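# Commentary on secondary and tertiary structure
The chain contents come next:
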Amino acid sequence: MLTVHDKAPDFTLYATPDQKVSLSEFRGSNVVLAFYPADWSPVCSDQMALYNEMLKYFKKYNAQILGISVDSKWCHLAFSQSRNLHFPLLADFEPKGDISKQYGVYNEAEGECDRALFVIDKDGVIAWSYRSPTAINPGADGILDALESLTNH
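Here's a quick rundown of the structure. Just so we're clear, the structure is a prediction, and the values are computed from it rather than from any experiment.

In terms of nonpolar packing, the biggest core is built from 24 residues, with Phe 11, Leu 33, Phe 35, Tyr 103 and Phe 118 touching the most fellow members. Elements that contribute at least two residues to this core include exactly strand E1 (12-16), strand E3 (30-35), strand E4 (63-69) and strand E8 (115-120). Leu 33 has contacts with Phe 11, Leu 23, Leu 66, Ile 68, Tyr 103, Ala 116, Leu 117, Phe 118 and Ile 120, leaving out every residue within four places of it along the chain. One finds Met 54, Phe 87, Leu 117 and Ile 143 within the second-largest nonpolar core, a separate group that totals 22 residues.

Further remarks concern the pairing of strand E9 (residues 126-132). Taken together, the six bridges between E8 and E9 define a ladder with antiparallel strand orientation. Within the sheet, the bridge partner assigned to Phe 118 lies in E9 and is Ser 129. Between the antiparallel neighbours E8 and E9 lie five residues, among them Gly 124 with a positive phi of about 85°.

Our next topic: the side chain of Ser 45. With respect to the helices and strands, the residue Ser 45 is situated in helix H1 (residues 42-53). Look at Ser 45 and you get buried, because its relative accessible area is 7%. Once you skip the residues sitting within four places of it in the chain, Ser 45 turns out to touch Trp 40, Phe 79 and Arg 83.

Moving on to unusual backbone geometry. Residue Pro 95 is reached from Glu 94 by a cis peptide bond, and omega for that bond is -5°. Summarising the element assignment, Pro 95 is placed in the loop between strand E5 (89-91) and helix H4 (98-102). Here the phi dihedral of Asn 62 falls at roughly 55°; this positive angle occurs in a residue that is not glycine. On the secondary structure map, Asn 62 appears in the loop between helix H2 (55-60) and E4. For Asn 62, a relative accessible area of 42% corresponds to the partly exposed category. Despite not being glycine, Asn 84 has its phi angle at roughly 55°, a positive value. Mapped onto the elements, Asn 84 comes out in the loop between helix H3 (73-83) and E5.

The subject of this paragraph is the packing of aromatic side chains. Under the defined criterion, the tally for this structure stands at seven aromatic pairs. Consider the rings of Phe 35 and Phe 118, whose centres lie 5.7 Å apart with planes at 80°: the pair is edge-to-face. Of this pair, Phe 35 sits in strand E3 while Phe 118 sits in strand E8, and the two are 83 residues apart along the sequence. Pair check on accessibility: Phe 35 and Phe 118 agree, each one buried. Ring centres of Trp 128 and Tyr 130 lie 6.1 Å apart, and the angle between their planes is 15°; on these two criteria the pair is classed as stacked.

Cut-offs used in this document
- Residues numbered from 1 in each chain as written.
- Predicted model: local features only at pLDDT ≥ 70, side-chain atom pairs only at ≥ 80, totals over all residues.
- Heavy atoms only, no water.
- Core = buried A, V, L, I, M, F, W, Y, C linked by side-chain atoms within 4.5 Å.
- Buried < 20%, exposed > 50% of the residue type's maximum accessible area, 1.4 Å probe, protein only.
- Helix = DSSP H or I, 4+ residues; strand = E, 2+ residues; numbered from the N terminus.
- Contact = heavy atoms within 4.5 Å.
- Pairing = 2+ DSSP bridges.
- Phe/Tyr/Trp six-rings, centres within 6.5 Å; stacked < 30°, edge-to-face > 60°.

Structure below.
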């Protein structure tokens, strides 16, 4: 798993069925990457709902959150609409788990992402990372602490 001071690998993934997003588009802002196992699972649903509620706090720290799983762009679209999410869910779908593998958070046995968080600074360097047990919602405290430390530098 990538850790503090590692350069965050750039990527371009589908955010909607017809729109792609690249990590490099957010250079100059902080970015939170929230890798999660699967749309529709109870823990993932709660985790993404929490981050949706936290958007104003992330914005305060000039941070964009991006959810990433191996689900398809169509699955993300349905999940995002059903949960009324206001941040992009990116499809690490084909080649399956390619970006998750680059970040060291792909679970080969399950064929899905681990539940992992990365805070990337405005220069594209990882400032904080955390891998959570799959069944545990990691919440937002670690993310907010990491963003706070970036603004106090």
